[in-house]
Amino acid sequence: MAVQEVEDIFADIVDCVKALDPANVRRWFEKLTVTHLSGGLLEIGCPDEATLQFLRDNCKNSFTQAAQRITGHLVTVDFNIVARDESGRRSDRSMLGPKLHPDYTFDNFVVGPSNRLGHASCVAVSHSLGNTYNPLFLYGSSGLGKTHLLHAVCYEVRQKVDKAVIQFLSCEEFINRFIRAIEKGNLAGFQNQFRTVDALVIDDVQFFREREQSQEEFFHTFNALYNNGKQIILSADSPPGKMPSLEDRLISRFNWGLVTRIDPPSYETRVAIVQKKAHIRGINISDEITEYIARKVHANIRELEGALTTIYAVSTTTGKPITLELAQIALEGQIESAARFISITDIIEVVTGHFDVRLADLQSKRRSQSITLPRQICMYLARNLTKHSLEEIGGHLGGRDHTTVMHACNKIGQADRSDTQMHALLAELTKQITQVPKA
Ligand code: ADP
Ligand code: MG
């Protein structure tokens, strides 16, 4: 096939992906290249490790489906990094280190009064690990950009500092890796892994509560790093002193450096964030619509982004341009249902009905796929549609602990993004749940 022909086919495939899975389309898709297309194999080149991870995690299915539709053949899709820099300045080094989301950079972070200090302290730390604020502790409600900032620091350090070793993980992952190390009798390996880094970044440390042994281990990790002048960055949903069941000695250490709060964004910041998100995804929307979204959604930036995704999805699936009217139709449904009180019972009712299982099965210890899947879907939907905590959701489903619920939410969330059938099923269940008539 001629090069031009391959490129044309690939352009069609990308267009098809945009229609199949609009939520995961990014502006940088324009930079993707085809490195191979024949014999049932499509290899796609992307610029760096972060985009590679994003594609592998979120886009494999949609690219496969699109390639099969456009070429009319069975196609396997693979993604690879193509180094564009002739000097080979980095690219292979970027293969090391934590898994980062390509959207979560400082460039893509909108600074406003609500997050100015958090942003500035992260930038300062990324310029000089261990020398400015140590530890750096960010806190604030869910969906206000804490995880985004932590990724941005790691991203920045990885760009700038040769061979910096960063461990970036969620608190749950730290706990799980610690438990696994104990089970395998390899505590020394675990300690070595965490005590020899240049920066340790742990997201959502509130999950250390009631995990005494993990807290103890973390305490020693903290001391080892701190005494060696290594950087520690933490995030949580509340300030150190307000975290229940956290040991005093940890609380006092968290306060040694800088503790900064992130607040909900002002209207102006929300407008700028919607513009930024639209730009990243290559979506064109007018000022009028941007302002409409920013007025509609107040407290949580994740929801602000969700509103934009909904509007874009409605526009691509109906083939209609994004007008204010379309935005209103797309969002009214969503906002009304969010405002309406949905209980876990509503969710369980719809899910058990769909899968033809009983509540008692969901609450039982049974772990066959026919029970586990509806149970995990209940957890995921409860997490998204209600304000219940992970513990409360676990409580309703047979007294399961928060890590089980978290695991279910991650697993189903991943499937929601990568598996079109699952996406359609979840959308249908959500529709039914939000329409359950109230007595
Ligand atoms: P948290 O960890 O505080 O719950 P996240 O970092 O996951 O929140 O942010 C939720 C979403 O909102 C992410 O997609 C993130 O990119 C976005 N976001 C949050 N704050 C900003 C900001 N100031 N500028 C741009 N995007 C933001
Ligand atoms: Mg977070």
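For the structure itself, consult the block above.
Read on for an overview of the structure. Not measured: the values here are computed from a predicted model.

### A short note on the site of ligand 1
Neighbouring ligand 1 are 18 residues, the closest being Gly-143, Thr-147, His-148, Lys-277 and Glu-305. The contact in question runs from an oxygen atom of ligand 1 to an N or O atom on the backbone of Gly-143, over 2.6 Å. About the coverage of ligand 1: the protein hides 96% of its 560 Å² of free accessible area. Among the residues forming the shell around ligand 1, the class breakdown is six nonpolar, eight polar and four charged. Composition of the shell around ligand 1 by domain shows at least three residues from each of domain 2 (116-261) and domain 3 (267-338).

### Quick word on unusual backbone geometry
Cis peptide bonds are those with omega within 30 degrees of zero, and the linkage from Asn-134 to Pro-135 qualifies with -5°. Looking at the element boundaries, Pro-135 is found in the loop between helix H4 (116-127) and strand S4 (136-139). If you check the backbone angles, Asp-204 has positive phi at about 65° while not being a glycine. Note on placement: Asp-204 falls in the loop between strand S6 (199-203) and helix H8 (212-227). At Asp-356, a residue that is not glycine, the phi angle is positive and equals roughly 55°.

### Describing the environment of Arg-253
Relative to the helices and strands, Arg-253 is located in helix H9 (residues 248-254). In this structure, the C-alpha to C-alpha distance between Arg-253 and Met-379, residues 126 residues apart in sequence, is 35 Å. Discounting chain neighbours no more than four positions away, the residues touching Arg-253 are Pro-135, Phe-219, Phe-222 and Asn-223. One polar contact links the side chain of Arg-253 to the main-chain carbonyl oxygen of Arg-249, over a distance of 3.2 Å.

Parameters and conventions
Residues numbered from 1 in each chain as written. Chains lettered and ligands numbered in written order. Predicted model: local features only at pLDDT ≥ 70, side-chain atom pairs only at ≥ 80, totals over all residues. Heavy atoms only, no water. Near = heavy atom within 4 Å. Polar contact = N/O pair within 3.5 Å; in protein donor to acceptor, adjacent residues only side chain to side chain. Areas by Shrake-Rupley, 256 points an atom, 1.4 Å probe, with all protein chains shown as cover. Nonpolar A, V, L, I, M, F, W, Y, C, P; charged D, E, K, R; others polar. Domains from an automatic or database assignment. Helix = DSSP H or I, 4+ residues; strand = E, 2+ residues; numbered from the N terminus. Contact = heavy atoms within 4.5 Å.

Taken by themselves, the reported measurements are silent on function.
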